[in-house]
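Here is how the chains run, residue by residue.
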Amino acid sequence: MIISVLRAVIIYLLIITALRFMGKRQIGELQPTELVVTILISEVASIPLEDTDSPLFAAFIPVIVIICLEVIISAMSLHSVRFRRLFSGRPIIVINDGELDQKALKSLRISVADLLDTLRLKGYFDLQEVKFAIVEMNGQISVMPKESNAPLTPADVHIAAGNKEIPYTVISDGKIINEHFDELGTDAAAIQKQLQINHLQLKDVLLMTADKSGNRHIVKKDKTL
């Protein structure tokens, strides 16, 4: 029993380390080669977990080889457009200047219903609202609306927009997070003082964020939960 647990922990750490080399992509954003690598790693790693008589190296060596291949292919793809297109394909325009490219849809084996479904998920319920739609290499569809259907921006109505800053978490579930204190120019004492101003204690706060402009946002814990 203990041996099985230890093997599972070792395999888990191996897979986490291996996948770190692939970057922080979500499953829906994986390139074809990355998806294949993910599937192969999961299959290879399951062998020593199912068969405790199988040596751990039966998983280590194949996983390392697969990751090395992925790193080599990624490096070559960075320096060669042809190589990148060979392994990852290329973006394909399916709506070009408001016109539906049926030939492109057929080559991608995407039905009109599937395309309309994706457009609705992006907030466009009428095909005539879309100027360009591009199927990216990871299978996602990027959409550019026609000028008449594009959302207004401050520049369109000649309004000066304020600078936006990234909000960082400084309190999470009643605990102070000091990871970004240097960037924010603050410290735990300043955070505690802010809580006192709002008549709050640390234990009462579910989330508190702060940005470089001094903006603060506090979410109180629901005491009924």
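In this report, we go over the structure that sits alongside the text. These figures come from a predicted structure and were not determined experimentally.

The helix and strand tally for the protein stands at eight helices and eight strands. Computed over its C-alpha atoms, the radius of gyration of the protein comes to 25 Å, more than 25% above the 17 Å expected for a compact globule of 225 residues. Each of the three principal axes of the protein carries a C-alpha extent, and together these read 65 × 60 × 40 Å. Of the contacts made within the protein by residues no fewer than 6 positions apart, 48% connect residues no fewer than 24 positions apart. Total accessible area computed for the protein in this model is approximately 15,900 Å², and 59% of it derives from carbon and sulfur atoms. For the protein, the centre of its 24 positive side-chain charges and the centre of its 26 negative side-chain charges are spaced 2 Å apart.

Along the polypeptide, I41 turns up in helix α2 (residues 32-50). Looking at I41, the relative accessible area reads 1%, which means it is buried.

Time to look at the packing of helix α3 (residues 57-79) against helix α4 (residues 81-88). At their nearest, the axes of α3 and α4 sit 6 Å apart, and the two run at 130° to each other. On the basis of the axis angle, α3 is oblique to α4. In this structure, the crossing between α3 and α4 has a hand that is left-handed. Touching I73, M76, S77, L78 and H79 of α3 are V81, F83, R84 and F87, all from α4. Partitioning the contact of α3 with α4 into residue classes produces six nonpolar, two polar and one charged.

All right, on to the sheet that holds strand β5 (residues 168-172) then. Strands sit in the order β6-β5-β7-β8 across an open sheet of four strands; the sheet is antiparallel. Each having just a single partner strand, β6 (175-176) and β8 (216-220) make up the two edges of the open sheet. Bridging between β5 and β6 involves two bridges; their strand directions are antiparallel. Looking across to β6, one finds that S172 is bridged to K175. Each of β5, β6, β7 (205-210) and β8 is contacted by helix α8 (residues 188-197), which is oriented at about 120° to β7, the strand it contacts most.

Right, let's talk about the pattern of salt bridges for a bit. One pass over the structure, following the stated rule, counts three salt bridges. In this structure, the salt-bridge partner of K131 is E147, at a minimum N-O distance of 2.9 Å. Of this pair, K131 sits in strand β3 (residues 130-135) while E147 sits in the loop between β4 (141-145) and β5; the two residues are 16 residues apart in sequence, bridging distant segments of the chain. Taking the relative accessible area as the measure of exposure, E147 reaches 58% and is therefore exposed.

Another aspect to go through is the nonpolar core. Counting residues in each nonpolar core, the largest one holds twelve residues, listed as I11, L14, I15, A18, V37, I41, V44, A45, A59, V63, I66 and I67. For this core, the elements supplying multiple residues, two or more each, are α1 (2-20), α2 and α3. Apart from residues no more than four positions distant in its own chain, A59 is found in contact with I11, L14, V44, A45 and P48.

The next point concerns a negative patch on the surface. Negative charge collects at one region of the surface, where E43, E50, D51 and D53 lie side by side. With respect to the secondary-structure elements, D53 resides in the loop between α2 and α3. Residue D53 is classed as exposed on the basis of its relative accessible area of 71%.

Here we take up α8. Where α8 begins, one side-chain oxygen reaches toward the backbone nitrogen of A189, 3.2 Å away; that side chain belongs to D187. After α8 finishes, the residue H199 shows a positive phi value of roughly 55°.

Turning to the pairing of β8, a few remarks are in order. Sheet analysis places β7 next to β8, joined by five bridges and oriented antiparallel. Paired with V205 across the strands is K220, a residue of β8. Taking the residues that link successive antiparallel strands as the turn, the β7-β8 hairpin has five residues, and the phi of G214 there is positive, at about 95°.

The next point concerns the sheet that holds strand β2 (residues 99-100). Spatially, four strands are ordered β2-β1-β3-β4 in an open sheet, and the strand pairing comes out antiparallel. Two strands lie at the open edges of the sheet, namely β2 and β4, each paired on one side alone. With two bridges connecting them, strand β1 (residues 92-96) and β2 associate as antiparallel partners. Across the sheet, I95 pairs through a bridge with L100, a residue of β2.

Thresholds, definitions, all that
- Residue indices begin from 1 for each chain and proceed along its sequence in written order.
- Note on the predicted model: pLDDT of at least 70 is required for a residue's local features to be given, and 80 or more for side-chain atom pairs to be given and counted; whole-chain, interface and lining totals, by contrast, use all residues.
- With hydrogens and water set aside, each side-chain value is computed from the structure's full complement of heavy atoms.
- Per the convention used, a helix needs a DSSP run of H or I reaching at least four residues, while a strand needs a run of E reaching at least two, with both numbered from the N terminus.
- For a compact globule the rule gives 2.2 Å times the number of residues to the power 0.38, and the radius of gyration it is set against comes from C-alpha atoms.
- Contacts: residue pairs with any heavy atoms within 4.5 Å of one another.
- The protein chains shown are the only cover counted for residues, whose accessible areas, like all others here, come from Shrake-Rupley with a 1.4 Å probe.
- Residues scored as charged are limited to Lys and Arg (positive) and Asp and Glu (negative), so that His and the chain ends carry no count.
- One atom stands in for each charge, and that atom is NZ of Lys, CZ of Arg, CG of Asp or CD of Glu.
- Residue exposure (1.4 Å probe, protein chains only): buried if accessible area is under 20% of the type maximum, exposed if over 50%, otherwise partly exposed.
- Axis lines are fitted to C-alpha atoms, over the contacting stretch for helices. Their N-to-C directions set the angle, which ranges from 0 to 180 degrees.
- Relative orientations are named as follows: roughly parallel for angles under 35 degrees, roughly antiparallel for angles over 145 degrees, roughly perpendicular for angles from 65 to 115 degrees, and oblique for any other angle.
- If you view the pair so one helix is near and one far, a crossing is left-handed when the near helix is turned anticlockwise from the far one by less than a right angle, and right-handed when it is turned clockwise.
- When residues are grouped by polarity, Ala, Val, Leu, Ile, Met, Phe, Trp, Tyr, Cys and Pro land in nonpolar, Asp, Glu, Lys and Arg in charged, and all others, Gly among them, in polar.
- Pairing between strands is defined by DSSP: at least two bridges between the two strands are required.
- Put simply, a salt bridge is a Lys or Arg side-chain nitrogen that is within 4 Å of an Asp or Glu carboxyl oxygen.
- Put simply, a nonpolar core is a bunch of buried Ala, Val, Leu, Ile, Met, Phe, Trp, Tyr and Cys residues held in one set by side-chain atoms that sit within 4.5 Å of each other.
- Here the term patch refers to residues with relative accessible area over 30% and no salt bridge, with like charges joined within 9 Å and nonpolar side chains (Val, Leu, Ile, Met, Phe, Trp, Tyr) within 5 Å.
- Polar contact criterion, stated in full: a pair of N or O atoms within 3.5 Å, where within protein one must be able to donate a hydrogen and the other to accept it, and residues adjacent in sequence count only if both atoms are side-chain atoms.

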